[in-house]
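Geometric and topological summary
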Amino acid sequence: MGSSDDTRTLAMVRTFLDRVHFATPGQLGEVVQEAARQVGWSARLYLVDHEQELLVPVPGAGAATLPTLGVDTTLAGRAFRTVEPVASHGDEPKVWLPVVDGAERLGVLDVTLAAGESPDHELVLDRCRLFGHLSGHLVVAKQPYGDALEHLRRQRPRTVASELLHQLLPPLTFACEGLVISGLLQPYYDVAADAFDYSVVDDVAHIAILDATGHDLDGTVLAAVALSAYRNSRRQRHGMFTSATAMDALVAEHGRGWRLATGVLGELDLVSGRFRYLNAGHIAPLLMRHGKVVKELEGGRRPLFGIEESEASIAEEWLEPGDRIVFYTDGITEARTPDGTFFGLRRLVDHLERAATAELPAPEMLRRISHDVLAHQGGVLRDDATLLIAEWATAREYHLASVGGDVEPDDMTPSAPDGGTVPRR
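Before going into details, it helps to say that this report is about the structure given with it. (Residues numbered from 1 in each chain as written. Predicted model: local features only at pLDDT ≥ 70, side-chain atom pairs only at ≥ 80, totals over all residues. Heavy atoms only, no water.)

Examining the overall build of the chain
- Tallying secondary structure elements over the chain gives twelve helices and 18 strands in all.
- The globule rule puts the C-alpha radius of gyration for 425 residues at 22 Å, and the 22 Å found for the chain is close to it.
- Taking all 425 residues of the chain together, 54% fall into the buried category.
- For the chain, contacts bridging at least 24 residues in sequence account for 66% of all contacts bridging at least 6.
- With the model as given, the accessible surface of the chain reaches about 18,400 Å², and the carbon-plus-sulfur share is 51%. (Helix = DSSP H or I, 4+ residues; strand = E, 2+ residues; numbered from the N terminus. Rg over C-alpha atoms; globule rule 2.2 N^0.38 Å. Buried < 20%, exposed > 50% of the residue type's maximum accessible area, 1.4 Å probe, protein only. Contact = heavy atoms within 4.5 Å. Areas by Shrake-Rupley, 256 points an atom, 1.4 Å probe, with all protein chains shown as cover.)

So, the pairing of strand β12 (residues 274-280)
- With respect to burial, β12 is a largely interior element, five of its seven residues being buried.
- Across six bridges, strand β11 (residues 261-269) lies against β12 in antiparallel orientation. Pairing of G263 across the sheet is with A280, part of β12.
- Where β11 folds back onto β12 in an antiparallel hairpin, the turn is made up of four residues, including G273, whose phi is positive at roughly 85 degrees. (Pairing = 2+ DSSP bridges.)

Concerning the pattern of salt bridges
- For the structure shown, the criterion picks out 27 salt bridges.
- The salt bridge partner of K94 is D110, with a shortest N-O separation of 3.0 Å. Linking K94 in strand β5 (residues 94-101) with D110 in strand β6 (residues 104-112), this pair joins segments that are 16 residues apart in sequence.
- Judged by relative accessible area, K94 falls into the partly exposed class, the value being 22%.
- The exposure class assigned to D110 is buried, which follows from its relative accessible area of 12%.
- For R302, the salt bridge identified is with D248, shortest N-O distance 2.7 Å. Of this pair, R302 sits in strand β15 (residues 301-302) while D248 is found in helix α8 (residues 240-255), placing the two residues 54 residues apart along the sequence.
- When its relative accessible area of 5% is taken as the criterion, D248 is described as buried.
- Members of the salt-bridge network, linked through shared partners, are D72, R105, E364, R367 and R368. (Salt bridge = Lys/Arg side-chain N within 4 Å of Asp/Glu carboxyl O.)

Side note on the sheet that holds strand β8 (residues 179-186)
- Here we have six strands laid out as an open sheet, ordered β7-β8-β18-β17-β13-β14, and antiparallel in their pairing. Of all the strands in the sheet, the pair left with one neighbour each is β7 (173-176) and β14 (292-296). For this sheet, the mean angle separating the axes of adjacent strands, direction not counted, is 20 degrees.
- As paired strands, strand β13 (residues 286-289) and strand β17 (residues 324-328) are joined by three bridges and run antiparallel to one another. Residue pairing for β17: L286 is matched across the bridge by V326.
- With respect to the sheet, helix α11 (residues 362-376) is in contact with β7, β8, β17 and β18 (385-392), its orientation differing from that of β8 by roughly 20 degrees. (Axes fitted to C-alpha atoms, helices over the stretch in contact; angles between N-to-C directions.)

Observations concerning the environment of V13
- Position of V13 relative to the elements: it lies in helix α1 (residues 3-19).
- With 25 residues separating them in the primary sequence, V13 and Q38 have C-alpha atoms 9.0 Å apart.
- Ignoring sequence-local partners within four residues, the contact set of V13 consists of L130 and L134.

A closer look at the packing of helix α7 (residues 217-235) against α8
- The N-to-C vectors of α7 and α8 enclose an angle of 150 degrees; their axes lie 8 Å apart at closest approach. On the basis of their axis angle, the class for α7 and α8 is roughly antiparallel. Crossing angle aside, the handedness with which α7 passes α8 is right-handed. Here L222, V225, A226, A229, Y230, S233 and R234 of α7 lie close against α8, whose contacting residues are T242, S243, A246, M247, L250, V251, H254 and G255. (Parallel < 35°, antiparallel > 145°, perpendicular 65-115°, else oblique. Left-handed = near helix turned anticlockwise from the far one by under 90°.)

With respect to the packing of aromatic side chains
- Tallied over the entire structure, the rule returns seven aromatic pairs.
- Seen from their ring centres, F16 and F131 are 5.4 Å apart, and the 50 degrees between their planes marks the pair as tilted. Placement of the pair is F16 in helix α1 and F131 in helix α4 (residues 122-142), with a sequence separation of 115 residues.
- Taking the relative accessible area as the measure of exposure, F16 reaches 1% and is therefore buried.
- Taking the relative accessible area as the measure of exposure, F131 reaches 0% and is therefore buried.
- With a centroid separation of 5.6 Å and an interplanar angle of 85 degrees, the aromatic rings of W41 and F131 are classed as edge-to-face. With a gap of 90 residues between them, W41 in the loop between α2 (28-37) and β1 (42-48) and F131 in helix α4 connect regions that are remote in the sequence. Each member of the pair, W41 as well as F131, is classed as buried. (Phe/Tyr/Trp six-rings, centres within 6.5 Å; stacked < 30°, edge-to-face > 60°.)

Here's the deal with unusual backbone geometry
- Following Q186, the chain continues to P187 via a peptide bond in cis, the omega torsion being -10 degrees.
- Along the chain, P187 turns up in the loop between β8 and β9 (194-201).
- A positive phi angle, close to 55 degrees, is found at D202, a residue other than glycine.
- Although it is not a glycine, H290 sits at a positive phi angle of roughly 55 degrees.
- Following the sequence through the fold, H290 ends up in the loop between β13 and β14.

This is how it looks when you write it as C-alpha cells:
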C-alpha cells in the first residue's frame, strides 16, 4: 500500500471518528457518505428492519428516494444473509457490504467504488472491511441517543410489553473465540414474556432462557423481574443454585403465587466443553452434533421459578468441538395452522438439520426458522416464540465477524504482550 493510499484510508477513518462526535443518530447517513468520499467512493447505508425482512435506507444526501430492499430477494440481502461482500462488476463497480458490530448483523452498505478500482483487489477489500466495521460500530454507539434509527427499523406499532422487553435483552448475536450465541424472538412487535440472556467471564459462558406466564404486560414485568434477579446474582459471582433461589423468591413475590416462569440456566466451560445446567419446568434443550439433533438434554429438572426448590441437581453434558445447544420456548413447537396442525418438534429438528447442512450462520438459521414458524401460523402467533443457540468450538465466529480482506483468525482476538492467550474475562 502506497503512502497516498495510506493517507486516504486514514482520512476515511478520521472522518468517521471526528464527524460522529456531534452527529445525531439520524445524521449517520451523511457521516457514512462523507467518510466514503475520502477514498473516492459513494455510499448508502441500509439498516435491517426488526423482523429481518427488509433493508431500509438511512437518510442522507439523495437517499430519500431509495426503495427498501428485500433480505431474501436482492444482492443486498445476500450480503446480509451470508455476512460476506457481494461484488457487482460493471462500468461502475460496486460492493454490497454487510454492516456488523462484532457478530451482530445490522444492515448493509451500498458502495460504488472509485474509477479504476476492482472489488477483487486486496486493498479495496481491506478498505471495505474497515468501512463496514466502522459503520457497524457507530450505528450501535449512536443508536441509544435518539429514535431516528429506531423509526427506520420499526415497520409497524409495537406493544408496550414488547417495548419494555426488548430494552432488557442483550444484542441478538454475540461471538468470542470458541463461541457463538444467537437468539431471536417472535412476534417481534407483540412479544411479551419470553427472554434470554448471556455473559462470558473467566472462560465460562453463562446462558439463560425464560418463559413467564402470560402474554401481556404483567407477563413482561414478571420476565423482567426473573431476568434481573438472574443477572444480579450472576454478577455477584453466585452459582446457578443461588441464582435460581433468588429468582424463585422474586417470581413468587411478584407473581403473587399464580404467575410463574419456566427457564433453563446453563454454564458452558469454553476450554473443556463441559455444559452444566438447571431446568425449571422448561422444554429440554436440543444437542446438535455433526449437523444432526442427537438428543434432548433432559437432566437438571426442578420446579418452575417461583416454587421454592432445594433438592434439584445440576446436570452435566460434555460437548464435542462443533456441537450446538438449541434452547426454545413452547411458542415454537406449539405454533399451529388454522386447522390445528402444530409446528412440532419434528419440524423444528428438520429445519435445524437442513440449516446445518447448508452451513448457515447461527443468526441466519434462526431468522429462517422464526419466519417459517410465523408462516406456519399464518403470520400471527398466539404465543411468544423464542430460539437461542450456542455453538461451541465451531470456528463460525470468524465467518460472522469478517467481511473480506486478508485477516487471520489470530488477528481477531486479543493477544498478550508475550504473544500468549488472553483469558475470556
